[in-house]
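Architecture and fold: a report
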Amino acid sequence: SSDDALPPCWSSRVLQMGKDKTPKKEKTPNKDKVDEDDEDVGPKKQLLLSPIANPLAGKKLTKKALKTIKKASGAKSIRRGVKEVVKAIKKDIKGLCIIAGNISPLDVIAHVPILCEEKSIPYVYVPSKEELGQASLTKRPTSIVLVTCADGADFKDAFDELRAEMIAVAPKFAIS
């Protein structure tokens, strides 16, 4: 028989003119992947917030802050990143400081709230650096944004409203 001439590993298959004649399995859609996608629809992953993230903006204030940042970014009146924001604060440029609450290591932004308090600039923490970067129209996550507003800016109303809410949630320190 011809099976005796074939090596033992080929004995279960019959090779004919270079084609493998073993029965092929039919492709079925992977049901596991569908189930995994359904789980993503649920609540978002909990972010790890830094212990110094105080005052932390609520959902409404965060949404309002991100919208204002997006408008200001279109008008080119924001400063992004620690280096640029600190430079602007030291030059007495007034505005609103929005800091990401999930920055690691903390030392990168730990000095900024103190500078803001010295220069009486309202600041607030938002939960995500990714959302902050997206709102400032960059692909990179951003740790801190300083929103400035000129008198004739088209987002002046949103800026003033956000400023009032940020001052309301700002921590009050008794100086004795």
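The preceding data block contains the structure.
This section reports on the structure supplied with the text.

Here we look at unusual backbone geometry
Along the chain, N54 connects to P55 via a cis peptide bond; the corresponding omega equals 10 degrees. Residue P105 is bonded to the preceding S104 through a cis peptide linkage, with omega at 0 degrees. With respect to the helices, strands and loops of the structure, P105 is situated in the loop between β4 (96-100) and α4 (112-118). Even without being a glycine, K76 presents a positive backbone phi close to 55 degrees. Tracing the sequence through the fold places K76 in the loop between α2 (59-74) and β3 (78-80). Residue class for K76 comes out exposed when judged on its relative accessible area of 73%. A positive phi angle, near 60 degrees, is found at D92, a position not held by glycine. The residue D92 is located in the loop between α3 (82-90) and β4 in this model.

Thoughts on the pattern of salt bridges
In total, this model carries four salt bridges according to the counting rule given. Across the pair D92 and K119 runs a salt bridge, and its minimum N-O distance is 3.0 Å. Residue D92 is found in the loop between α3 and β4, and its partner K119 is found in the loop between α4 and β5 (123-126); the two are separated by 27 residues along the sequence. Of the residues examined, K119 reaches a relative accessible area of 23% and is grouped as partly exposed. The salt bridge involving K156 is made with D160; its shortest N-O contact spans 3.6 Å. Of this pair, K156 and D160 both sit in helix α6 (residues 156-169), four residues apart, roughly one helical turn. You can call D160 partly exposed: its relative accessible area is 36%. When salt bridges with common partners are traced through the structure, they connect K64, E161 and E165 into a single cluster.

A short note on the packing of α2 against α6
Interhelical geometry of α2 versus α6 gives an angle of 140 degrees and a closest axis separation of 10 Å. Between α2 and α6, the angle falls in the class oblique. Crossing angle aside, the handedness with which α2 passes α6 is left-handed. Across from L61, K64, A65, T68 and K71 in α2, the residues of α6 making contact are A158, F159, E161, L162, E165 and V169. Looking at the contact of α2 with α6, its residues break down into six nonpolar, one polar and four charged.

Considerations on α3
Quick reminder: α-helices carry 3.6 residues per turn. Residues three or four places apart thus point the same way. Along α3, the positions that sit buried rather than exposed are V82, V85, V86, A88 and I89. Angularly, the buried residues of α3 cover 160 degrees about the axis, an arc narrow enough to put them on a single face. For α3, the exposed residues set more than 90 degrees away from the buried face come down to K83 and K90. Looking at the buried residues of α3, the elements they touch are β3, β4, α4 and β6 (144-147).

How each quantity is defined
- Residues numbered from 1 in each chain as written.
- Predicted model: local features only at pLDDT ≥ 70, side-chain atom pairs only at ≥ 80, totals over all residues.
- Heavy atoms only, no water.
- Helix = DSSP H or I, 4+ residues; strand = E, 2+ residues; numbered from the N terminus.
- Buried < 20%, exposed > 50% of the residue type's maximum accessible area, 1.4 Å probe, protein only.
- Salt bridge = Lys/Arg side-chain N within 4 Å of Asp/Glu carboxyl O.
- Axes fitted to C-alpha atoms, helices over the stretch in contact; angles between N-to-C directions.
- Parallel < 35°, antiparallel > 145°, perpendicular 65-115°, else oblique.
- Left-handed = near helix turned anticlockwise from the far one by under 90°.
- Contact = heavy atoms within 4.5 Å.
- Nonpolar A, V, L, I, M, F, W, Y, C, P; charged D, E, K, R; others polar.
- Arc of directions from axis to C-beta.

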